[in-house]
Amino acid sequence: MNKIEIQNVSYTYSKGTPFQMVALNDVSVAFEKGKITGLIGHTGSGKSTLVHMLNGLYRPTSGRILLDGQDIWEKPKEISKIRYRVGLVMQYPEYQLFDDTVRLDIGFGPRNQGLSEQEVEERVKEAAEFVGIDDEMLEKSPFELSGGQKRRVAIAGIIAMRPEVLVLDEPAAGLDPRGRREILGGLVRYVERNDATVILVSHSMEDMALYCDNVVVMSHSQVYRSGTVREIFSDADVLADIGLDVPAVAKIASALRHEGIELEGELYTVEGVKRAIIEYIGRSGK
Amino acid sequence: MITDMTLGQFFPGKSVIHRLDPRTKLILTIVFIVATFLASNPVTFLLLTVCTVALVMASGISLGTILKGIKPIIFILIFTAILNVFLTGGVGEPLVAFWIIKIYKEGIIRAVFMALRILILIVGTSTLLTYTTSPIALTDGIESLLSPLKKIKVPVHTFAMMMTIALRFIPTLVEETEKIMNAQKSRGADFSSGGLIKKAKALIPILIPLFVSAFKRADELATAMECRCYRGDKNRTKLVKLSYKGRDALWFVLSALFIGGVIVLGFVAGYMPEELASTNLFRIMFYPI
């Protein structure tokens, strides 16, 4: 089932000035409920613009955005309600922290939603747990934290609103491998527990292969390809055509197949390729 | 959206005015401002209007952009005009007399002139200067024009560098503000409803991150400049040296003719001294524009 559907959406920045720029050109794409969909593409391919549209920060120049089959711009005055349902974590979200303590900052969203203090407290605890923030850190000022910790706090600030759709614009950019694993792992748990839909913008093909169910590839303000991770990553040449990479391990698998070695299975994760090779060796009896 | 504001923005282009030396444009702008204040009768205003229209056409800036730039000052225009209509006294019979309100012919004429003056001032100076001159060229021009002051130990270069940096970072800060606003909107922040105090409070989630990042940015910029051995004015050379060309001379002649025309036409029509002598609060207020 489709949770969010984008129909023929176009967006032009600064229309009618010399700075006019088309960011999205007749884009149609759907995001499945309860799945993690990865969004990849070059810088300037329209990913961030698309992401800003999903929770109504930008209004499409033309076209519609449907959330559960309903146009989010049907009642423009109630667009803020859409923002509670579709949570957006921006690029480098640590810039948005402002409150005295981490606890208050994470509670900013839920408090705006009009929840009681007790509920806010519950949400803060739950969100902190998803991203790996301990009780001690909750009492600190967000400004004395390290970059990676700030990132977690900012993401928790969105998760605390318990959105049905969680959109993240490069949540792991600039983090160390452990930070990446913890934050992205937290997302998977969030999806499982709340039957949420996640849209993840990333440049890391490895992360895509590990955490996503579906992938949407964008190029030159349009959707270039969309499908399951397997469909997209099994064909290295298609992505190479627009200058994108597949995961390194998928390249190895593809090279092996070119050599006439018939591998089968999930040929885009290290685990999957390992299994396929072992299976191949067993099959060919070498 | 904030980024839609056009007043004070630079629009790259290759028109006659774009290609003028920034110093020429600065001097022409001063001449233009003086001329606007010297204008006092229908004939001079006609000359001013014609010249402004010619300037806009020569600059190749679209009419839409100009109109967009006027939008933020429309309220000031109307406000000034209305005050002038009601507060200007006159000789002879008032046109309308009702309770304490008296409207004279002079008041209406004055209101029209005043509104036209502000309009011409804004459109003319922005076309001549901000729309068609890049901020860098502008500060280079100012530094060069003020350089005689160096002899009396005024740190002209430092001021120019400060101005360059300030101008350069306006778009960055605007972008940053928009980014932070969007982030807080995504967390359900509401900037438009509620009373004055509530609205002011709603700004806290924007102002704090904005200040934090502005300070951080300033610090990083200073470090980056030091890394490249920036020591201010001393022994510093310029990549693009300013030089006057033939067309600059042509524009100086044109502007001399222009201001001469305004003065002569003003005297021909007569009531210039009275107009010059009258002090008007709004004229003083808007002088810096």
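Residues numbered from 1 in each chain as written. Chains lettered and ligands numbered in written order. Predicted model: local features only at pLDDT ≥ 70, side-chain atom pairs only at ≥ 80, totals over all residues. Heavy atoms only, no water.

Student: So what's going on with the sheet that holds strand β4 (residues 62–67) of chain A? Which residues, and what values?
Tutor: All names here are of chain A. If you walk across this open sheet you meet the 4 strands as β2-β1-β4-β5, and the pairing is antiparallel. Two strands close off the open sheet at either side, each with one partner strand: β2 (21–32) and β5 (70–71). Pairing between β4 and β5: 2 bridges, direction antiparallel. If you follow L66 over to β5, its bridge partner there is D71. Contacts from helix α1 (residues 47–54) reach β1 (2–13), β2 and β4, with the element oriented near 120 degrees to β1. (Pairing = 2+ DSSP bridges. Helix = DSSP H or I, 4+ residues; strand = E, 2+ residues; numbered from the N terminus. Contact = heavy atoms within 4.5 Å. Axes fitted to C-alpha atoms, helices over the stretch in contact; angles between N-to-C directions.)

Student: Explain the nonpolar core to me, and be specific about the residues and the numbers.
Tutor: Residues and elements named next belong to chain A. By size, the foremost hydrophobic cluster in this structure holds 54 residues, and its most contacted members are I106, I133, L166 and F233. Taken together, domain 1 (1–74 + 164–243) and domain 2 (94–161) each give at least three residues to this core, which thus spans both. Beyond its immediate sequence surroundings of up to four residues, F233 is in contact with M205, M208, A209, L239, V246, P247, A250 and Y268. Counting residues in each nonpolar core, the second largest holds 32 residues, with I4, F31, L54 and V167 among its members. (Core = buried A, V, L, I, M, F, W, Y, C linked by side-chain atoms within 4.5 Å. Buried < 20%, exposed > 50% of the residue type's maximum accessible area, 1.4 Å probe, protein only. Domains from an automatic or database assignment.)

Student: Outline the layout of surface pockets, listing residues and values.
Tutor: Where empty space is left in the structure can be found by rolling a water-sized probe over the atoms. All names here are of chain B. Considered as a void within the structure, the second largest pocket measures approximately 990 Å³ in volume. Forming the boundary of the second largest pocket are 29 residues, of which D140, H157, M161, R236 and K238 lie nearest the centre. Every element with two or more residues in the lining of the second largest pocket is listed here: α7 (135–146), α8 (156–186) and α10 (204–227). Considering each element in turn, the lining of the second largest pocket owes the most residues, 7 residues, to α8. Per-class residue counts for the lining of the second largest pocket are 13 nonpolar, 6 polar and 10 charged. (1 Å grid on protein atoms, 1.4 Å probe; cavity = no way out; pocket = protein on both sides within 12 Å on 5 of 7 lines; lining within 4 Å. Points joined across faces, edges and corners; volume = space filled by probe spheres on them. Nonpolar A, V, L, I, M, F, W, Y, C, P; charged D, E, K, R; others polar.)

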